[in-house]
Amino acid sequence: MPLGNAWVYIVLLGAAAIGYALFLPKRKPAADQASGAADVEAALEHYMSEIERENNELIELVAQMKQETASKMMSLQEQVAELRGRLLDVEKTASLQEARMEKLESVPSVPSVPVTLEEPGEVPVEEPKAPAVPRNTVRDRYPELFNLYEHGKSIDAIAKALDMQRGEVQLILQLASKEEKAE
């Protein structure tokens, strides 16, 4: 029976191989592989569309920032132009004030000694004196300014308190110092 036993072993071994083959999963056809590739391709397409959308948002944001910067630059340029105009006005006013001061300083003063005209045998007659011109100084015209200045206030504080330009306050102080030196 060794031979009969061998035959049984061969049949059993064949039946086991067939049973094992039935339990193995079936191989997927090529269509399933193509479906997996299509899924990967769809995922990549979705990813690319998301990146493109984000890039467009970034481009819009940069364009908006650029436009805001340009408008701020225009505003600043307008402010600079306005300040230049103000500066020119202040410089004109200062030069006019200086010219007026120079004109006032160059006017000869009336002599205070009475002039007598004598002829022999006549009584000396004095010419009438010119009425004394009250002295109009810069300090007389701006007493509040000089009061604040003497109390140690800064030029900016004086300008703000008196609602004047800073350059105007400086000019008045300079003119007053020139007047004092001239005396």
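Relevant structure appears above.
The shown structure was predicted, so the numbers you read here are calculated from the model rather than taken from an experiment.

Trainee: Which residues make up the overall build of the chain, and what are the values?
Mentor: What the chain contains, in helices and strands, is six helices and two strands. Helices and strands appear in the chain in the N-to-C order α-α-β-β-α-α-α-α. Put simply, the chain shows about 16,300 Å² of open surface, and 60% of that area lies on carbon and sulfur atoms.

Trainee: Before we move on, could you go through the environment of K178 and cite the residues and values that matter?
Mentor: One can find K178 in helix α6 (residues 166-182). Each C-alpha atom of the pair K178 and V138 lies 10.0 Å from the other, and the pair is 40 residues apart in sequence.

Trainee: Pulling in residues and values, what's your account of the side chain of E179?
Mentor: Mapping E179 onto the fold places it in helix α6. Of the buried charged residues, E179 lacks a salt bridge, with R141 as the closest side chain of opposite charge at 4.4 Å. Polar contacts involving the side chain of E179 include one to the main-chain amide nitrogen of V138, which spans 3.0 Å. Residue contacts for E179: discarding those within four places in its chain leaves M101, N136, T137, V138, R139 and R141.

Trainee: Tell me what's going on with unusual backbone geometry, and back it up with residues and numbers.
Mentor: A positive phi angle is found at D163, which is not glycine, with a value near 55°. The residue D163 is located in the loop between α5 (155-162) and α6 in this model.

Trainee: So what about the side chain of T137? Which residues, and what values?
Mentor: Take T137: it is sitting in the loop between β2 (125-126) and α3 (138-141). Accessibility expressed as a relative area gives 12% for T137, which makes it buried. A distance of 3.1 Å separates a polar atom in the side chain of T137 from a polar atom in the side chain of D140.

Trainee: So, a nonpolar patch on the surface: which residues are in play, and what are the values?
Mentor: On the surface, W7, I10 and V11 cluster together into a nonpolar patch covering about 360 Å² of accessible area. Note on placement: I10 falls in helix α1 (residues 2-23). On the basis of relative accessibility, which here comes to 54%, the residue I10 falls in the exposed class.

Trainee: Account for the pattern of salt bridges, naming residues and giving values.
Mentor: This model, assessed by the stated rule, comprises six salt bridges. Here E180 ties to R139 by a salt bridge, and the two come within 2.7 Å at their closest N and O atoms. Here the residue E180 occupies a position in helix α6, and R139 occupies one in helix α3, the gap between them amounting to 41 residues. By sharing partners, the salt bridges in this structure join E50, R53 and E57 into a single network.

Trainee: Quick one: what's the story with the packing of helix α4 (residues 143-150) against α6, residue by residue and with numbers?
Mentor: The N-to-C vectors of α4 and α6 enclose an angle of 85°; their axes lie 11 Å apart at closest approach. As summarised for this structure, α4 and α6 are arranged roughly perpendicular, according to the angle between their axes. Between α4 and α6, the residues in contact are L145, F146 and Y149 and V169, I172, L173 and A176, respectively. Its residues placed into classes, the contact of α4 with α6 shows seven nonpolar, no polar and no charged.

What counts, and at which threshold
- Residues numbered from 1 in each chain as written.
- Predicted model: local features only at pLDDT ≥ 70, side-chain atom pairs only at ≥ 80, totals over all residues.
- Heavy atoms only, no water.
- Helix = DSSP H or I, 4+ residues; strand = E, 2+ residues; numbered from the N terminus.
- Areas by Shrake-Rupley, 256 points an atom, 1.4 Å probe, with all protein chains shown as cover.
- Buried < 20%, exposed > 50% of the residue type's maximum accessible area, 1.4 Å probe, protein only.
- Lys, Arg positive; Asp, Glu negative; His and termini not counted.
- Salt bridge = Lys/Arg side-chain N within 4 Å of Asp/Glu carboxyl O.
- Polar contact = N/O pair within 3.5 Å; in protein donor to acceptor, adjacent residues only side chain to side chain.
- Contact = heavy atoms within 4.5 Å.
- Patch = residues over 30% accessible without salt bridge, like charges linked within 9 Å, V, L, I, M, F, W, Y side chains within 5 Å.
- Axes fitted to C-alpha atoms, helices over the stretch in contact; angles between N-to-C directions.
- Parallel < 35°, antiparallel > 145°, perpendicular 65-115°, else oblique.
- Nonpolar A, V, L, I, M, F, W, Y, C, P; charged D, E, K, R; others polar.

Purely geometric stuff here, so don't read any function into it on its own.
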